[in-house]
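Each chain, written out:
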Amino acid sequence: MTPPSDSAAEVLPDYLRSVYNWAYLTPWLAPLLDRQLVVQTILWGNAQKLIDEVLSELAPGQTVFQPAAVYGDFSRQVAAAIGPGGRLEVRDIAPLQVNLTRRKLADLPQAHVAWGDAAAPAATGQFDRVACFFLLHEVPDDMKERIAPAMLSLVAPGGKAVFVDYHKPRGWHPLKPLMRRIFERLEPFAFGLWDREIEAWAGPLAQEFTWRKRTRFGGLYQVVVAERR
Ligand SMILES: C[S@@+](CC[C@H](N)C(=O)[O-])C[C@H]1O[C@@H](n2cnc3c(N)ncnc32)[C@H](O)[C@@H]1O
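Residues numbered from 1 in each chain as written. Predicted model: local features only at pLDDT ≥ 70, side-chain atom pairs only at ≥ 80, totals over all residues. Heavy atoms only, no water.

(A) Quick peek at the sheet that holds strand β7 (residues 221–228). Pairing is mixed in the open sheet, where seven strands are placed in the order β3-β2-β1-β4-β5-β7-β6. Strands at the two margins of the open sheet, each flanked by one partner only, are β3 (111–115) and β6 (209–216). Strand-to-strand, the axes of this sheet are offset by a mean angle of 15°, without reference to chain direction. Pairing of strand β2 (residues 87–92) with β3 involves five bridges; the strand directions are parallel. Bridging across to β3, Glu89 finds its partner in His112. Along the sheet, helix α5 (residues 47–55) contacts β4 (127–133), β5 (155–166), β6 and β7; its crossing angle with β4, the most-contacted strand, is approximately 165°. Along the sheet, helix α8 (residues 141–153) makes contact with β1 (63–66), β4, β5, β6 and β7, crossing β5 at roughly 145°. (Pairing = 2+ DSSP bridges. Helix = DSSP H or I, 4+ residues; strand = E, 2+ residues; numbered from the N terminus. Axes fitted to C-alpha atoms, helices over the stretch in contact; angles between N-to-C directions. Contact = heavy atoms within 4.5 Å.)

In structure tokens form, the structure reads like this:
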């Protein structure tokens, strides 16, 4: 799908404009943030480990759906893991992010980037893998309830959806009070992942999947793999 222009504000959801304007919609700042070092810093040095969790679920030749752009190297590493015989479909709801990601992946013929809303993907049931990397914590709860099942609906029989995102850290975690403050100020929708499992956000379709969850870094992050039976 052809992305609307960078200034096509009417396609942007309210939550993106009101909460994340600085991070994803500011043309001069976005290219500065779109670096692996920035992602690595924001994730307390865990970015590569969490990306590796996704890569461990991939194999050459697979088809992968990525519902939203990710700053840094994530998409390039996914594209490398599936190789030239695979296909990576990346979508994003912000035209600016579509254009940035297109440029970033231009030399990788297996990568295709287009505008799209993760809550209403055009395709169904055709991907070997869905890689949902730190999207759910950035959307309001009513969108979590739409995006989680939408991601499952894209998975082919025997395929997997891999969700990597925040999780409620253990009680003793030294960063818990700070993360609470950061969420209150900058990431207000992230608490929905502290309070409820991703499986629960996915609704009735979750029953068609086998779920595995592992937590990382004292429980601050979760890797959830849902495999379609
Ligand atoms: C994947 S999330 C966060 C990733 C992580 N914080 C990082 O390092 O970039 C960020 C992206 O989600 C996109 N986004 C938000 N809501 C969306 C939706 N409903 N559909 C598709 N993309 C969406 C934003 O435009 C933004 O580019």
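(B) The arrangement of the layout of surface pockets in detail. Space inside the largest pocket adds up to approximately 790 Å³. Going through the elements one at a time, α1 (14–19), α2 (21–24), α4 (36–42), α8 and α9 (176–186) are the ones with two or more residues in the lining of the largest pocket. Its residues assigned to classes, the lining of the largest pocket comprises 31 nonpolar, four polar and four charged. Considering only enclosed or pocket space, the second largest pocket measures out at about 220 Å³ in volume. In this structure, the second largest pocket is lined by 16 residues; those nearest its centre are Arg91, Trp115, Pro121, Ala122 and Ala123. Of all the secondary-structure elements, those providing two or more residues to the lining of the second largest pocket are β2 and β3. The class makeup of the residues in the lining of the second largest pocket is eleven nonpolar, two polar and three charged. (1 Å grid on protein atoms, 1.4 Å probe; cavity = no way out; pocket = protein on both sides within 12 Å on 5 of 7 lines; lining within 4 Å. Points joined across faces, edges and corners; volume = space filled by probe spheres on them. Nonpolar A, V, L, I, M, F, W, Y, C, P; charged D, E, K, R; others polar.)

(C) Fine view of the pairing of β1. Pairing geometry for β1 and β2, over four bridges, is parallel. Paired with Gln66 across the strands is Val90, a residue of β2. Handedness of the crossover joining β1 and β2 through helix α6 (residues 74–82): right-handed. Pairing geometry for β1 and β4, over two bridges, is parallel. Of the residues in β4, the one forming a bridge with Phe65 is Val130. (Right-handed = clockwise from strand over helix to strand, strands pointing away.)

Shape is all these values report; function is a separate question.
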